[in-house]
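# Working through the structure, step by step
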Amino acid sequence: MVKEITRDIKQLDHAKRHLTTSITTLNHLHMLAGGVDSLEAMTRRRQYGEVANLLQGVMNVLEHFHKYMGIPQIRQLSERVKAAQTELGQQILADFEEAFPSQGTKRPGGPSNVLRDACLVANILDPRIKQEIIKKFIKQHLSEYLVLFQENQDVAWLDKIDRRYAWIKRQLVDYEEKYGRMFPREWYMTERIAVEFCHVTRTELAKIMRTRAKEIEVKLLLFAIQRTTNFEGFLAKRFSGCTLTDGTLQKKLESPPPSTNPFLEDEPAPEMEELAMEKGDLDQPKKPKAPDNPFHGIVSKCFEPHLYVYIESQDKNLGELIDRFVADFKAQGPPKPNTDEGGAVLPSCADLFVYYKKCMVQCSQLSTGEPMIALTTIFQKYLREYAWKILSGNLPKTTSSSGGLTISSLLKEKEGSEVAKFTLEELCLICSILSTAEYCLATTQQLEEKLKEKVDVSLIERINLTGEMDTFSTVISSSIQLLVQDLDAACDPALTAMSKMQWQNVEHVGDQSPYVTSVILHIKQNVPIIRDNLASTRKYFTQFCIKFANSFIPKFITHLFKCKPISMVGAEQLLLDTHSLKMVLLDLPSIGSQVVRKAPASYTKIVVKGMTRAEMILKVVMAPHEPLVVFVDNYIKLLTDCNTETFQKILDMKGLKRSEQSSMLELLRQRLPTPPSGPEGSSSLSLLAPTPEQESSRIRKLEKLIKKRL
């Protein structure tokens, strides 16, 4: 029933829709037919202003008839529109050829309203028409440039490269004044002229440099590159670079693009670069870099094949710089002691890295490719030379002869009469070289990071200065070893005197022995100087202390074993001396300093372990060797690293005969494999606790004497 009622209404709705469509289509057909006629007439009269508006309208209307192209009349109108477009394109190109002839002596005409309107029409036509207009106009505009700067002209060479850039700047100003309004703004004609000029200039410069390669000097090359990069920076400030991406990037001209000139804000000023390098602040966070200059390398790329001239020049300059450093060091001599110079970083080190920084920044502006790798190789070469010639080459040499003292001279010497192997000046020099090597090590690591930032991503893996850093680490180790050897050698005569004393003839325990006083004197002479000169590198002073302890304590124990035979009183005196040395060594890092600092735990542990072993050896020597089991167990208890060799030496110190020693050694071998454990162990340990009255009284007496002295 509903269908029956609404049948007529639906029929009327369809009729209305069809009627409306028919009327609209007939109106579009009328507009299309009239528009095509008008378009053909206006084209013949070159009324491009009206054509631009009409053509767009006709093309919009024609889109409505795509589904009616099977109708002959509609197809005919469509073909007439295409013919009109083709005729318009040819006619506009002919008009531009007449106004701006590519050949002949006729001067180019000025801008006209006809050509301006023609450009509006070209915007609607096939894009090839627009590209052809742009190409011909730019070619004609730069034709004078190719004549003025031909390869055989004097102004074409690098020393007059400024004239090229001055010429294009005048041409751009002239274009803006004459033709700025003729072309649509979205064509970016000024930028297109500048870009084409850059392409032509790069080709021409590459050609002339290949021909006259032998005439290129480094100053001339750097001058040309500097002027070229300045010009590229000018382009970056003036233009957006949208034409470099085939016009796909459209930017508004109302607001100028942000400056990306590397000579303005992208790179910090050279003075700031040098300051950062001198202060070691290269690893401080930097502000984010502005976008890269889109015009960077558009001309300057042609200089890259000739940058070997620059690299060779830097090689020569750095070689001369190292030679000057060597000569200056010989002329000025080592740093003076007792001044601020002692232990300071050598000035030549900062000069070297400042020069490196200048080279790196300069080369990165020229190229971020293979030339940067070549420059890195040069850097590596002269870092090694600096380490060898300036640092290692000036470390004082040690002498093989020790010049030991006799016991009588040692016992009769007055305080301060013996001079250390190295003079005060030499100690300051070693500390200064150590500080310089540490500075070089840290700065070389920062230099490697900076080089990786500057170079192309594909070349980062080829930047590796680990070998050079290892070289500076070796210089640091050598310097510390020299300081240790010097103090160690100074203590050798005292230890020799200790081992040659007649300890079996010592009758009573007194103050510390003369050899201890001599060792303490040398420590007090050397350590404060070294500590003050390594104030800026505390960790290496700590290393010096640790290495000295690791060297001196085993040597002291070795000489201790040479003290034989020893009487009970002699052993007590040696124990007193050992305790004195232990206290001095524990205080060694801050000895002679007004500010008392707690010694590093790692150092204290070494001293306590080593000197406690020496004390335990003497306590074993002091113990009576009978009964044998008690003596052997006492040895095992006191010396954790007990072995037959050490036991043999202790028996020699006690002056026991070989026949007595053999039974004791056999007993030790029996007891070593099965250390005490369980109930049997407790019973054997109970044997260790009690000691004869004589031993107990002597040890207590010795401890009271030590406490009294302290």
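Residues numbered from 1 in each chain as written. Predicted model: local features only at pLDDT ≥ 70, side-chain atom pairs only at ≥ 80, totals over all residues. Heavy atoms only, no water.

## A short note on the overall build of the protein chain
Worth spelling out the cut-off: Only DSSP runs of H or I reaching four residues or more are called helices, and only runs of E reaching two or more are called strands; each is numbered from the N terminus. Between buried and exposed lies partly exposed: a residue is buried under 20% and exposed over 50% of the maximum accessible area for its type, with that area taken using a 1.4 Å probe on protein chains only. Methods summary: accessible areas were calculated by the Shrake-Rupley approach with a probe of 1.4 Å, and residue burial reflects only the protein chains presented.
Looking only at helices and strands, one finds 25 helices and zero strands in the protein chain. For the protein chain, the proportion of its 710 residues judged to be buried stands at 45%. Roughly 37,500 Å² of accessible area belongs to the protein chain as shown, and the carbon and sulfur atoms make up 54% of that amount.

## Topic: the environment of Cys 428
Within the fold, Cys 428 resides in helix 15 (residues 424-454). By relative accessible area, Cys 428 is classed as buried at 2%.

## Describing helix 5 (residues 127-148)
Quick note on the threshold: The span expected for a helix works out to 1.5 Å for each residue beyond the first. Think of it this way: the bend at a residue is just the angle between two axes, each fitted to seven residues, one set ending at that residue and the other starting at it. Note on contacts: a residue pair qualifies if any of its non-hydrogen atoms lie within 4.5 Å across the two residues.
When the terminal C-alpha atoms of helix 5 are compared, their 33 Å separation across 22 residues agrees well with the 32 Å that a helix rising 1.5 Å per residue should span. The sharpest bend along helix 5 comes to roughly 35°, located at Leu 142. Burial in helix 5 covers these residues: Ile 129, Ile 133, Ile 134, Phe 137, Ile 138, Gln 140, His 141, Leu 142 and Tyr 145. Tucked into the core, helix 5 has its buried residues touching helix 3 (72-99), helix 4 (113-124), helix 6 (161-179) and helix 7 (189-211).

## Digging into the pattern of salt bridges
The line we're drawing: We define a salt bridge as a side-chain nitrogen of Lys or Arg found within 4 Å of a carboxyl oxygen belonging to Asp or Glu.
By the definition in use, this model includes 20 salt bridges. Between Lys 389 and Glu 385 there is a salt bridge; the shortest N-O distance is 3.3 Å. Of the two residues, Lys 389 and Glu 385 both sit in helix 13 (residues 370-391), four residues apart, roughly one turn of that helix. Residue Glu 385 is classed as buried on the basis of its relative accessible area, which comes to 18%. Salt bridges linked by common partners bring Asp 154, Asp 159 and Lys 160 together as one network.

## What about the packing of aromatic side chains?
Cut-off, in case you're wondering: Any two of the Phe, Tyr and Trp rings considered here, Trp counted by its six-membered ring, make a pair once their centres fall within 6.5 Å; the pair's planes then place it as stacked at under 30 degrees, edge-to-face at over 60, or tilted in between. The rule for a charge over a ring is simple: NZ of Lys or CZ of Arg within 6 Å of the ring centre, and within 35 degrees of the ring normal.
For the coordinates displayed, the defined rule picks out 23 aromatic pairs. Ring plane angle 35° and centroid distance 5.8 Å describe the contact between Phe 183 and Trp 187, whose orientation is recorded as tilted. With respect to burial, Phe 183 and Trp 187 carry one shared label: buried. A centroid spacing of 6.1 Å and a plane angle of 75° characterise the contact between Phe 353 and Tyr 439, whose relative ring orientation is edge-to-face. Taken together, the residues span a long stretch of sequence, with Phe 353 in helix 12 (residues 347-366) and Tyr 439 in helix 15 at a distance of 86 residues. Like Phe 353, the residue Tyr 439 is buried in the burial classification. Chaining the aromatic ring pairs together yields one cluster made of Tyr 145, Phe 149, Tyr 165, Trp 167, Phe 197, Phe 231 and Phe 234. In this arrangement the basic side chain of Lys 169 is found over the ring face of Phe 234, its NZ or CZ atom lying 4.8 Å from the centre. Taking the ring centre of Trp 157 as reference, the NZ or CZ of Arg 212 above it sits at 4.1 Å.

## Description of the packing of helix 11 (residues 308-332) against helix 12
Here is the rule: Every angle, taken between N-to-C directions, lies between 0 and 180 degrees, and every axis is a line fitted to C-alpha atoms, over only the stretch in contact when it is a helix. For classification purposes, angles smaller than 35 degrees are called roughly parallel, those larger than 145 roughly antiparallel, those between 65 and 115 roughly perpendicular, and all remaining angles oblique. Following the grouping adopted for this structure description, the nonpolar residues are Ala, Val, Leu, Ile, Met, Phe, Trp, Tyr, Cys and Pro, the charged ones are Asp, Glu, Lys and Arg, and the polar ones are all others, Gly among them.
Viewed as axis vectors pointing N to C, helix 11 and helix 12 meet at an angle of 175°, and their least axial separation amounts to 11 Å. Put simply, helix 11 runs roughly antiparallel to helix 12. From helix 11, Tyr 310, Gln 314, Asn 317, Leu 318, Leu 321, Ile 322 and Phe 325 reach across to helix 12, where they touch Ser 348, Asp 351, Leu 352, Tyr 355, Tyr 356, Cys 359, Gln 362, Cys 363 and Leu 366. Each residue belonging to the contact of helix 11 with helix 12 can be placed in one class, and the counts come to 11 nonpolar, four polar and one charged.

## Remarks on helix 15
End to end, helix 15 covers 44 Å across 31 residues, agreeing with the expected 45 Å (1.5 Å per residue, within 8%). Among the 31 residues of helix 15, 22 are classified as buried, and the element is accordingly described as predominantly covered.

## A short note on the side chain of Thr 190
For the record, the criterion: Two N or O atoms form a polar contact when they lie within 3.5 Å of each other; inside protein one atom must be a possible hydrogen donor and the other a possible acceptor, and for residues adjacent in sequence the pair counts only when both atoms belong to side chains.
You can see Thr 190 is positioned in helix 7. Side chain to side chain, Thr 190 and Glu 176 meet in a polar contact 2.7 Å long.

## Notes on unusual backbone geometry
Cis geometry is found at the peptide bond from Lys 564 to Pro 565, where omega equals -5°. Within the fold, Pro 565 resides in the loop between helix 18 (538-561) and helix 19 (568-586). Residue Tyr 188 is not a glycine yet carries a positive backbone phi of 50°. Mapped onto the fold, Tyr 188 is located in the loop between helix 6 and helix 7.

## Concerning the packing of helix 16 (residues 466-500) against helix 17 (residues 514-533)
One way to put it is that helix 16 packs onto helix 17 with a least axis distance of 8 Å and a crossing angle of 170°. Taken together, the axes of helix 16 and helix 17 are roughly antiparallel relative to one another. Residues Leu 483, Asp 486, Leu 487, Ala 490, Cys 491, Ala 494 and Met 498 of helix 16 lie in contact with helix 17, whose contacting residues are Tyr 515, Ser 518, Val 519, His 522, Ile 523, Asn 526, Val 527 and Ile 530. Residues that form the contact of helix 16 with helix 17 fall into these classes: 11 nonpolar, three polar and one charged.

## Observations concerning the confidence of the model for the protein chain
Here is the rule: pLDDT expresses, on a scale from 0 to 100, how confident the predictor is about each individual residue.
Taken over all residues, the pLDDT of the protein chain has a mean of 78, while the share at 70 or more is 81%. Between residues 246-291, whose pLDDT stays under 50, and residues either more than four places distant or in other chains, the model counts 60 contacts. Within the model, the stretch residues 675-695 combines pLDDT values under 50 with 13 contacts to residues more than four positions away or in other chains.

## Here we look at the environment of Arg 75
On the secondary structure map, Arg 75 appears in helix 3. Accessibility expressed as a relative area gives 37% for Arg 75, which makes it partly exposed. Sequence separation between Arg 75 and Phe 65 is 10 residues; the distance between their C-alpha atoms is 9.0 Å. In contact with Arg 75, not counting residues within four places along its chain, are Met 69 and Gly 70.

## Some points on the state of the cysteines
Stated precisely, the cut-off is as follows: Here, a disulfide means two cysteine sulfur atoms that sit within 2.5 Å of each other.
Taken as a whole, this structure holds zero disulfides when the rule is applied. No disulfide involves Cys 431; its nearest neighbouring cysteine sulfur is the one of Cys 428, lying 6.6 Å away. The closest cysteine sulfur to the non-disulfide-bonded Cys 440 is located on Cys 349, 3.2 Å from its own sulfur.

## Side note on the environment of Asp 511
Take Asp 511: it is sitting in the loop between helix 16 and helix 17. Looking at Asp 511, the relative accessible area reads 60%, which means it is exposed. Distance in space between the C-alpha atoms of Asp 511 and Asp 577 is 8.4 Å, their sequence separation being 66 residues.

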